[in-house]
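Observations on the three-dimensional arrangement
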Amino acid sequence: MKKRLTAPFLSADDLSALRDLRTGDSVLLSGVIYTARDAAHQRLLGLLAKGEALPFDLRGAAIYYCGPTPAPPGRPVGSIGPTTSYRMDSFAPALYERGLAASIGKGPRGAAVKEALCQSGGVYFAATGGAAALLASCVKEAKLIAFPDLGPEAVYELKVEDFPLLVATDAQGGDLY
Amino acid sequence: MMNNCRTLSVNAVSEAVAALCVEANLHLPKDVATALELARQRETGALASGILDQLAANAQIAAAQCLPLCQDTGLAVFFVELGRDLRLANGADGAGGADGDIYAAINEGVRRGYAEGFLRKSVCDPFSRANTGDNTPAVIHLRLVPGRSLRIVYMAKGGGSENMSRVTMLAPAEGWEGIKRFVLERVREAGGNPCPPIIVGLGIGGNFELAPLLAKEALLRCLDEPNPQPDLRDKEAELLELINDLGVGPMGLGGRTTCLGVLIKTAPCHIASLPLAVNIQCHSARHGEVLL
Ligand code: SF4
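None of these values were measured; they are calculated from a predicted model.

**Describing the overall build of chain B**
Along chain B, the regular secondary structure elements total 8 helices and 10 strands. The C-alpha radius of gyration computed for chain B amounts to 20 Å, which stays within 12% of the reference 19 Å derived for 292 residues, consistent with globular compactness. Scored against the burial criterion, the 292 residues of chain B give a buried share of 53%. A fraction of 81% describes how many contacts in chain B between residues 6 or more apart in sequence connect residues 24 or more apart.

**With respect to the confidence of the model for chain B**
Confidence in the prediction of chain B, expressed as mean pLDDT, is 95, and 97% of residues score 70 or more. Our summary of model confidence lists the complex with pTM equal to 0.94 and ipTM equal to 0.92.

**Re the environment of His41 of chain A**
All names here are of chain A. Looking at the secondary structure, you find His41 in helix H2 (residues 38–49). Among the residues examined, His41 registers a relative accessible area of 0% and is labelled buried. Taking the C-alpha atoms as reference points, His41 and Ala154, 113 residues apart in sequence, are found 9.9 Å from one another. Setting aside anything within four residues of it in sequence, one finds His41 in contact with Ala36, Ile63, Tyr65, Met88, Phe91 and Leu95.

**Description of the domain arrangement of chain B**
Residue and element names in this part refer to chain B. Taken domain by domain, chain B holds domain 1 (2–23 + 69–157) and domain 2 (160–285). With centres defined by C-alpha atoms, the gap from domain 1 to domain 2 works out at 28 Å. Between domain 1 and domain 2, the residue contacts involve 10 residues of the former and 12 residues of the latter. Carbon and sulfur atoms make up 64% of the surface buried where domain 1 meets domain 2, a total of about 840 Å² over both sides.

**Brief notes about the sheet that holds strand E7 (residues 198–206) of chain B**
Residue and element names in this part refer to chain B. One open sheet accounts for 4 strands, arranged E6-E9-E7-E8; its pairing is mixed. The open sheet is flanked by strand E6 (166–170) and strand E8 (259–269), the only strands paired with a single partner. For this sheet, the mean inter-axis angle between neighbouring strands, taken without regard to orientation, is 15°. Relative to E8, E7 runs parallel, the two being bridged by 9 bridges. Each bridged residue has a counterpart across the sheet, and for Ile199 the counterpart in E8 is Gly261. Contacts from helix H6 (residues 175–190) reach E6, E7, E8 and strand E9 (274–281) within the one sheet, and its direction differs from that of E9 by about 30°.

**Points about the packing of aromatic side chains**
Aromatic ring pairs are described here by two measures, namely the spacing of the ring centres and the angle between the planes. What the rule picks out here adds up to 3 aromatic pairs over all chains. Ring centres of Tyr64 of chain A and Phe163 of chain A lie 5.3 Å apart, and the angle between their planes is 80°; this geometry places the pair in the edge-to-face category. Within this pair, whereas Tyr64 of chain A is found in strand E3 (residues 62–64), its partner Phe163 of chain A is found in strand E7 (residues 155–169), the two being separated by 99 residues in sequence. Judged by its relative accessible area of 0%, Tyr64 of chain A is buried. Ring centres of Phe78 of chain B and Tyr154 of chain B lie 5.3 Å apart, and the angle between their planes is 40°; on these two criteria the pair is classed as tilted. Here Tyr154 of chain B lies in strand E5 (residues 150–157) and Phe78 of chain B lies in strand E2 (residues 75–83), a separation of 76 residues in the sequence. According to the relative accessible area criterion, Phe78 of chain B is buried, its value standing at 0%. Accessibility expressed as a relative area gives 0% for Tyr154 of chain B, which makes it buried. Note that Arg109 of chain A overlies the ring of Tyr124 of chain A, its terminal NZ or CZ placed 4.8 Å from the centroid. In this structure, Lys235 of chain B is placed above the aromatic ring of Trp176 of chain B, and the distance from its NZ or CZ to the ring centre is 5.5 Å.

**What about the nonpolar core?**
Counting 53 residues, the largest nonpolar core has Leu29, Ile33, Tyr64, Ile80, Phe125 and Phe163 of chain A as its most contacted members. The greatest single-element share of this core, amounting to 5 residues, is contributed by E7 of chain A. No fewer than three residues from each of domain 1 (2–23 + 69–157) and domain 2 (160–285) of chain B sit in this core. Setting aside its immediate chain neighbours within four residues, Leu29 of chain A contacts Leu5, Thr6, Ala7, Phe9, Ile104, Val160, Glu161, Asp162, Phe163 and Leu165 of chain A.

**Examining the pattern of salt bridges**
All names here are of chain B. Within the structure shown, the criterion is met by 29 salt bridges over all chains. Asp134 is the salt-bridge partner of Arg111, the closest N and O atoms lying 2.8 Å from each other. Residue Arg111 is found in helix H4 (residues 102–116), and its partner Asp134 is found in the loop between H4 and strand E4 (139–145); the two are separated by 23 residues along the sequence. Judged by relative accessible area, which is 17%, Asp134 ranks as buried. A salt bridge links Glu189 to Arg186; the nearest nitrogen and oxygen atoms lie 3.0 Å apart. On the criterion of helical spacing, the pair formed by Glu189 and Arg186 is a turn pair, its members being 3 residues apart in helix H6.

Cut-offs applied
Residues numbered from 1 in each chain as written. Chains lettered and ligands numbered in written order. Predicted model: local features only at pLDDT ≥ 70, side-chain atom pairs only at ≥ 80, totals over all residues. Heavy atoms only, no water. Helix = DSSP H or I, 4+ residues; strand = E, 2+ residues; numbered from the N terminus. Rg over C-alpha atoms; globule rule 2.2 N^0.38 Å. Buried < 20%, exposed > 50% of the residue type's maximum accessible area, 1.4 Å probe, protein only. Contact = heavy atoms within 4.5 Å. pLDDT = per-residue confidence, 0-100. Domains from an automatic or database assignment. Buried area = accessible area lost by both parts, 1.4 Å probe. Pairing = 2+ DSSP bridges. Axes fitted to C-alpha atoms, helices over the stretch in contact; angles between N-to-C directions. Phe/Tyr/Trp six-rings, centres within 6.5 Å; stacked < 30°, edge-to-face > 60°. Lys NZ or Arg CZ within 6 Å of the ring centre and 35° of its normal. Core = buried A, V, L, I, M, F, W, Y, C linked by side-chain atoms within 4.5 Å. Salt bridge = Lys/Arg side-chain N within 4 Å of Asp/Glu carboxyl O.

Here you go:
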């Protein structure tokens, strides 16, 4: 049974739905998510350190660790599969602390991220690595919102529909890996 | 014997390379697709089967909609065999003198292919991390061979699986047992990071820089093509079985399918050494070749 969820997670119902997720659950995610990988995370944390505003509202947000291929004519984005998540482990706890609800990537997370999930009630989803064309078909709109100089590592706001995910690490300390 | 020489324009090389890059990124090689299909039939777990189904669907969508199989369209790696009686000309039809640069011609092909094919540019400076913007420079391994033709083999090597690769210098006494131990530990530790099901390329022997080159070249052999060295076939089969017994499974989430094939290439080495390189390749094993 696949659960349907919508990002961002703002209402009390949304947040309790997140808390109820358990590792191994299949989820179809719709709504708005943001892309960010290594270089973008460095900049986001830099902005936070300086007390400046982020290019998107972190509260209830979902961040997708990915760097898509350029959009061919007539499509919102190119291929868009997840990148390896452990490289974002040093950045993730600070973001969860400030309201991030979900991150999406591939591969296991470190102890500090698991701890942050338990504290914040957030979740880590795994998408299938290398299923980038399939995942592209679930992206309906894409808008470049920050760091255009980073090329494939820029931050995009994506509108997704039935994006297929697995709950890899939940807010109870459960871990699929 | 200059009159035996053939001339080829650098532009023809660039065009062929550009087409090769685009083509390889859209189509999964047949041997890999077949291996994934066979693995799907053997897989029993719902999670693992679901992932393998997604990979099959992904390959179909990529080909039908001209989308890259993976968003990481890789660092461009080339194995080039240049016939020693082939001269490269800068102009068309041999005009402009036969002093064309094979490296420049291939890099120009990468530049065009990655732009025209809407492939991702994933090459940057190691310190500043500034992107070069056109996916160059490519990694080019050139070999001079007899003849008048040019064979170019291309591989789009993703970062996720490359990051999980390792080189080690074993003591000769560790032998095959030591090799197996190191490989199994590497695959287990890599877990879901290199996007299993993986293909494992092993370079055994040579020296510190040759072993990884052997491992990478080993990855270019088709999965359904037996090792040309009969004594290595049993070793490949044995290691494949052991890797799949680890239960890492598709995407590291458990299952029977961790590895689709083990491919070994060897070279003689120093009496004091047993160099071993483990080059991990993800299921998105994109490569192709062209003969000019
Ligand atoms: S490891 Fe391979 S399949 Fe996975 S994201 Fe990298 S290139 Fe794509």
